[in-house]
Amino acid sequence: MASLCRRAIFQLARTTRAVHVSAFRFKAEEKDMPDPLDHATGLEKAEMLAQLAGNDDPFDTKVVTRGPGTKDCPELVGSYFDSRMIGCVCEEDQTHINWMWLHKGQPKRCGDCGHWYKLVDRQPIKV
């Protein structure tokens, strides 16, 4: 039995697989990679076109640093809808966010820090 196992292991160790290797040379002047804009569709293409036009945040997802935020000059928040939920980090080292709803035509004051926000119309990107 032991000799049968040794013989099987020896035969498995001796088997080799054929490996085919071919040389391939890529010349940039002959074949260029296609432009990603040509392959994009839908929202991805709209986002790429907005970025090419200079709008690096077409969907308003980046954090905005606060301005003066007074009642006469509130912080303007763009929205495609009649209302939007925003988060206010009142102090720089604060570990939580104060969430509130903004509605068009009604400036709102943060209850903790007193910073004012106002919702303004924003045109959606065209798909």
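Residues numbered from 1 in each chain as written. Predicted model: local features only at pLDDT ≥ 70, side-chain atom pairs only at ≥ 80, totals over all residues. Heavy atoms only, no water.

A. Quick peek at the pattern of salt bridges. Per the counting criterion, the structure on display carries two salt bridges. Across the salt bridge formed by aspartate 121 and lysine 104, the nearest N and O atoms sit 2.3 Å from each other. Within this pair, whereas aspartate 121 is found in strand β5 (residues 116-121), its partner lysine 104 is found in the loop between β3 (98-103) and β4 (108-109), the two being separated by 17 residues in sequence. (Salt bridge = Lys/Arg side-chain N within 4 Å of Asp/Glu carboxyl O. Helix = DSSP H or I, 4+ residues; strand = E, 2+ residues; numbered from the N terminus.)

B. Region of the structure containing the UniProt feature "binding site: Zn(2+)" (unreviewed entry) in the chain. The sites that UniProt annotates as "binding site: Zn(2+)" (unreviewed entry) are Cys88, Cys90, Cys110 and Cys113. Sequence-wise these annotated residues cover 26 residues; spatially they are packed, their C-alpha atoms never more than 8.8 Å apart. Of the annotated positions mentioned, Cys88 line the largest pocket. Mapped onto the elements, cysteine 90 comes out in the loop between β2 (83-88) and β3. Look at cysteine 90 and you get buried, because its relative accessible area is 15%. Residue contacts for cysteine 90: discarding those within four places in its chain leaves Arg66, Asn98, Cys110, Asp112 and Cys113. Assessed through its relative accessible area of 32%, cysteine 113 is described here as partly exposed. Ignoring sequence-local partners within four residues, the contact set of cysteine 113 consists of Arg66, Cys88 and Cys90. (UniProt positions renumbered as here; feature names shortened; annotations may be inferred. 1 Å grid on protein atoms, 1.4 Å probe; cavity = no way out; pocket = protein on both sides within 12 Å on 5 of 7 lines; lining within 4 Å. Buried < 20%, exposed > 50% of the residue type's maximum accessible area, 1.4 Å probe, protein only. Contact = heavy atoms within 4.5 Å.)

C. Expanded view of a nonpolar patch on the surface. A surface patch of nonpolar side chains, about 510 Å² in accessible area, is lined by Met85, Val89, Ile97, Trp99 and Trp101. Relative to the helices and strands, valine 89 resides in the loop between β2 and β3. Looking at valine 89, the relative accessible area reads 38%, which means it is partly exposed. (Patch = residues over 30% accessible without salt bridge, like charges linked within 9 Å, V, L, I, M, F, W, Y side chains within 5 Å. Areas by Shrake-Rupley, 256 points an atom, 1.4 Å probe, with all protein chains shown as cover.)

D. Quick peek at the sheet that holds β4. One open sheet accounts for three strands, arranged β1-β5-β4; its pairing is mixed. Looking at which strands have only one partner, the edges of the open sheet turn out to be β1 (75-79) and β4. The sheet contact formed by β4 and β5 spans two bridges and is antiparallel. Across the sheet, the residue bridging to arginine 109 is tryptophan 116, located in β5. (Pairing = 2+ DSSP bridges.)

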